[in-house]
Amino acid sequence: MGSELYHRNQWQELVDVIETSLQELPRALQRCRDECYGPLRLGRRMGFAQTVIHQMITLKECQSQCIHKLGELRFDKTEEFFGSYFHYLQYGYHMLNASLPAIQASATQLQLEPHSDVAKKNAVFYRQQHGVTRKDFIPREDVQPLIESMDLEHSFMHVLDELSGHLEQFGEERQGGEEGQDDAELLDNDFFAYPPANMPQAEEWEWQEWNKPEIVRFTTDPDRMLADNVLSQDQCDKLLELTKHCKEGDGYQRKAPHTYNELFEGLNILDAAKKSQEGEVVPELSQLYVNASRRSRDAIAKEFNLQTPLYFSYTHLVCRTAKDVVERRDLSHPVHSDNCILNEATGECDKVPPAYTWRDYSAILYLSGEFEGGDFFYAHSTKDLSPEETVSPKCGRLVAFSAGKENMHGVLAVTKGRRCAVALWFTLDPNHKEATFSMAEEILHEIKTVS
Ligand SMILES: O=C(O)CCC(=O)C(=O)O
Ligand SMILES: [Fe+2]
């Protein structure tokens, strides 16, 4: 029906039909998923764990087909059924001159089909439209729960597949060995070794040779790490070159926590990629920004031995420049936690909005040490905000820590020169991963394939 209306240029009707069916989709999907629960089939020669896993694989395989099954009923038999909703929708809204919904539909299509040429072409079209800002180019919020559940289903399938592979291998190795060994033994040791199978892997590093990061010390606390050599001098210099494109106050339009005695400038990852798209920044620099962030993320996840994926939640290239002020008593960045709001009077740190409660880990990758002041420090506690441990920035040094009240931290005044770093915040919650990070990667990939 949707495609018929499309061919008949009935845009309002097309948009209405799709919006209605989008609302019905979760229920229809649930019905289809429920139908997948069949009788338990016990494999005759399988052990207990194998039987359970095979049963779950069958169930999950059936459920993950639901979105395609629904597609066969409605539109043409199409693999990209869900993405095609948003293709038709963006076009319908575009024809109705409803630009914001059109842009959001296009952003959703790109989120669902990051490799589709059509989705990319649509996205480029809207990005280039006058007045379209980063704020507008975000996927529709109302369908995020559905997309997340599809992603989770997908990830879960991978885990099951891997689990089943391990079991089969184990079963073979066990032949001739002791009978009756407990399958539960499989569920320890390196069974859930990092990175998990569903972890998004770094692309192969391009343009650059990367050193091995050197973990210099775990500080007093297991939730803190420090690594050197994450970037080479050449890479720091290149990223410093990129900081020329930082803009004042970026990322902190309203209540900035930073001192007025310094100039605070920033460049987020998507803006960097967009600048490369517009020919303002050599793609190598934006790609390096992406790669350095990924490399930091991977080092942190490995060092903290995380068992589930660590997602980017916000990535920001930032510089703090001293103004001509004598006798500074302030801090460059007052003591704070990255995921709760400190009440200095009580020493409580509440993990409630407007705090970024979903942030689980924070990191700062420094690009140089050539300025005065500006040491990073951990405070003693929420009640004693004096420095407990300080870290002097230098090129390639990475400081990382869990983002809660156990790691209150701040930055001493930058009294001379410019202090630049990539600030990174991470989450374990896929619902809060930074959509703009993959959009930036997509743009850079696009540039590479075109050139
Ligand atoms: O730049 C630093 O060393 C720390 C910055 C920081 O803590 C923050 O931006 O939340
Ligand atoms: Fe912080």
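Our structure is the block above this text.
Below is a short write-up of the structure. Treat the numbers as computed from the prediction; the structure is a model and nothing was measured.

Another aspect to go through is unusual backbone geometry. Positioned with a positive phi, Asn97 is a non-glycine residue whose angle comes to about 60 degrees. Residue Asn97 is classed as exposed on the basis of its relative accessible area of 69%. Backbone geometry at Asn305 places phi at a positive 55 degrees, although glycine is not the residue there.

As a further point, take the nonpolar core. Counting 80 residues, the largest nonpolar core has Leu25, Phe82 and Ile300 as the members making the most contacts within it. For this core, the leading source of residues is helix α2 (residues 11-34), giving nine residues. In this structure, this core is formed jointly by two domains, domain 1 (2-144) and domain 2 (214-450), each of which donates at least three residues. Setting aside chain neighbours within four positions, we find Ile300 in contact with Met225, Leu310, Ala363, Leu398, Ala400 and Phe426. Leu226, Phe376, Val391 and Ala421 belong to the second-largest nonpolar core, a separate cluster that totals nine residues.

When two helices pack together, their arrangement is captured by the angle between the axes and the distance separating the axes. Running from N to C, helix α9 (residues 233-242) and helix α11 (residues 283-303) point in directions that differ by 115 degrees, and their axes come no closer than 9 Å. Every pair of crossing elements has a handedness; the one defined by α9 and α11 is left-handed. Packed against α9, whose contacting residues are Gln235, Lys238, Leu239, Glu241 and Leu242, the element α11 presents Glu284, Leu285, Leu288, Tyr289 and Ala292 at the interface. The residue inventory of the contact of α9 with α11, partitioned by class, reads six nonpolar, one polar and three charged.

Attention shifts here to the coordination of the iron ion (ligand 2). Surrounding the iron ion (ligand 2) are the protein donor atoms His336 (NE2), Asp338 (OD) and His409 (NE2), which sit 2.1 to 2.3 Å from the metal. Expressed as a motif, the donor residue spacing for the iron ion (ligand 2) is H-x1-D-x70-H. Separated by 71 residues along the polypeptide, Asp338 in the loop between β6 (331-336) and β7 (341-343) and His409 in strand β14 (residues 409-412) bring together distant segments of the chain. Take Asp338 and His409: they sit in the same class, and that class is buried.

For the rest of this paragraph, the subject is the packing of aromatic side chains. As enumerated under the stated definition, the model contains 13 aromatic pairs in all. Taking 5.6 Å as the distance between ring centres and 45 degrees as the angle between the ring planes, the aromatic pair formed by Phe312 and Phe426 counts as tilted. Of this pair, Phe312 sits in strand β5 (residues 311-322) while Phe426 sits in strand β15 (residues 414-427); the two residues are 114 residues apart in sequence, bridging distant segments of the chain. A relative accessible area of 6% places Phe312 in the buried class. The class for Phe426 is buried, based on a relative accessible area of 0%. Taking the centre distance of 6.2 Å and the plane angle of 20 degrees together, the rings of Tyr314 and Trp425 count as stacked. One end of the pair, Tyr314, is in strand β5; the other, Trp425, is in strand β15, with 111 residues separating them in the sequence. Members of the aromatic cluster, each reached through a chain of ring pairs, are Phe82, Tyr85 and Phe86. Here the basic side chain of Arg224 rests over the ring of Tyr378, its NZ or CZ set 3.8 Å away from the ring centre. We note Arg359 situated over the ring of Trp425; from NZ or CZ to the ring centre the distance is 4.3 Å.

Here we take up the site of ligand 1. In the vicinity of ligand 1, the residues found are Arg320, His333, His336, Asp338, Ile364, Tyr366, Phe376, His409, Val411, Arg419 and Trp425. Contacts to ligand 1 include Tyr366, whose side-chain N or O atom sits 2.6 Å from an oxygen atom. Here an oxygen atom of ligand 1 sits 2.8 Å away from a polar atom, N or O, in the side chain of Arg419. Considered on its own, ligand 1 offers 300 Å² of accessible surface; in the complex 95% of this is hidden by protein. At the level of secondary structure, the elements contributing two or more residues to the shell around ligand 1 comprise β6, β9 (361-366), β14 and β15. Class assignment for the residues of the shell around ligand 1 results in five nonpolar, three polar and three charged.

It is worth spelling out the pairing of strand β13 (residues 398-402) at this point. Across the five residues that make up β13, a large majority, five, are buried. Residues of β13 alternate between two faces, with Leu398, Ala400 and Ser402 on one and Val399 and Phe401 on the opposite face, all of them buried. Here strand β2 (residues 224-228) pairs with β13 via four bridges, running antiparallel. The residue of β13 that forms the bridge with Leu226 is Val399.

Relative orientation of the contacting elements helix α7 (residues 117-128) and helix α12 (residues 435-450) amounts to 105 degrees, with a least axis distance of 12 Å. As the angle between them shows, α7 and α12 are arranged roughly perpendicular. Contacts from Lys120, Val124 and Arg127 of α7 reach α12 at Glu442, Ile443, His445 and Glu446. Its residues placed into classes, the contact of α7 with α12 shows two nonpolar, one polar and four charged.

This brings us to the state of the cysteines. Applying the stated criterion across every chain yields a total of three disulfides. In this model Cys319 forms its disulfide with Cys420; the gap between the sulfur atoms is 2.1 Å. In this structure, the disulfide formed by Cys319 and Cys420 twists by about 115 degrees around the S-S bond and is classed as right-handed. One end of the pair, Cys319, is in strand β5; the other, Cys420, is in strand β15, with 101 residues separating them in the sequence. The pair formed by Cys319 and Cys420 is uniform in burial state, with each residue classed as buried. The thiol of Cys246 is unpaired, and the distance to the nearest cysteine sulfur, on Cys319, comes to 4.5 Å.

What counts, and where the lines are drawn
Residue indices begin from 1 for each chain and proceed along its sequence in written order. Chains and ligands are labelled sequentially in the order written, the chains with letters from A and the ligands with numbers from 1. The predicted nature of this model means local features are confined to residues of pLDDT at least 70 and side-chain atom pairs, given and counted, to a pLDDT of 80 or more, with totals for whole chains, interfaces and linings taken over all residues. For the side-chain quantities, the full set of heavy atoms in the structure was used; hydrogens and water were omitted. Buried residues are those whose accessible area, probed at 1.4 Å on protein chains only, stays under 20% of the maximum for their type, while exposed residues exceed 50% and partly exposed ones sit between those limits. Definition of nonpolar core: a set of buried residues of the types Ala, Val, Leu, Ile, Met, Phe, Trp, Tyr and Cys, connected through side-chain atoms within 4.5 Å. Numbering goes from the N terminus for both helices and strands, where a helix is a DSSP run of H or I of at least four residues and a strand is a run of E of at least two. Residue ranges assigned to the domains are those given by an automatic or database domain assignment. Note on contacts: a residue pair is in contact if any heavy atoms of the two residues lie within 4.5 Å. Helix axes are fitted to C-alpha atoms over the stretch in contact, other axes to C-alpha atoms as well, and angles between N-to-C directions run from 0 to 180 degrees. Should the near helix be turned counterclockwise from the far one by less than a right angle, the crossing is left-handed, whereas a clockwise turn marks it as right-handed. Gly is placed with the polar residues, together with every amino acid not listed as nonpolar (Ala, Val, Leu, Ile, Met, Phe, Trp, Tyr, Cys and Pro) or charged (Asp, Glu, Lys and Arg). The donor set covers N, O and S atoms within 2.8 Å of the metal, switching to 3.2 Å for Na, K and Ca, and it leaves out water, so a site may look short of donors. Stacked, edge-to-face and tilted labels apply to pairs of Phe, Tyr and Trp rings (six-membered ring for Trp) whose centres lie within 6.5 Å, assigned for plane angles under 30 degrees, over 60, and everything in between, in that order. Only lysine NZ and arginine CZ atoms are considered, and such an atom sits over a ring when it is within 6 Å of the ring centre and within 35 degrees of the ring normal. One heavy atom within 4 Å of a molecule or strand makes the whole residue count as near it. Polar contacts, as counted here, are pairs of nitrogen or oxygen atoms within 3.5 Å of one another; within protein the pair requires one atom able to donate a hydrogen and one able to accept it, and residues that are adjacent in sequence qualify only if both atoms are side-chain atoms. Accessible areas in this description were obtained via Shrake-Rupley with a 1.4 Å probe; residue shielding takes into account the shown protein chains only. When DSSP locates at least two bridges between a pair of strands, those strands are taken to pair. Angle categories: roughly parallel below 35 degrees, roughly antiparallel above 145, roughly perpendicular from 65 to 115, and oblique for all the rest. Any two cysteine sulfur atoms lying within 2.5 Å of each other are counted as a disulfide.

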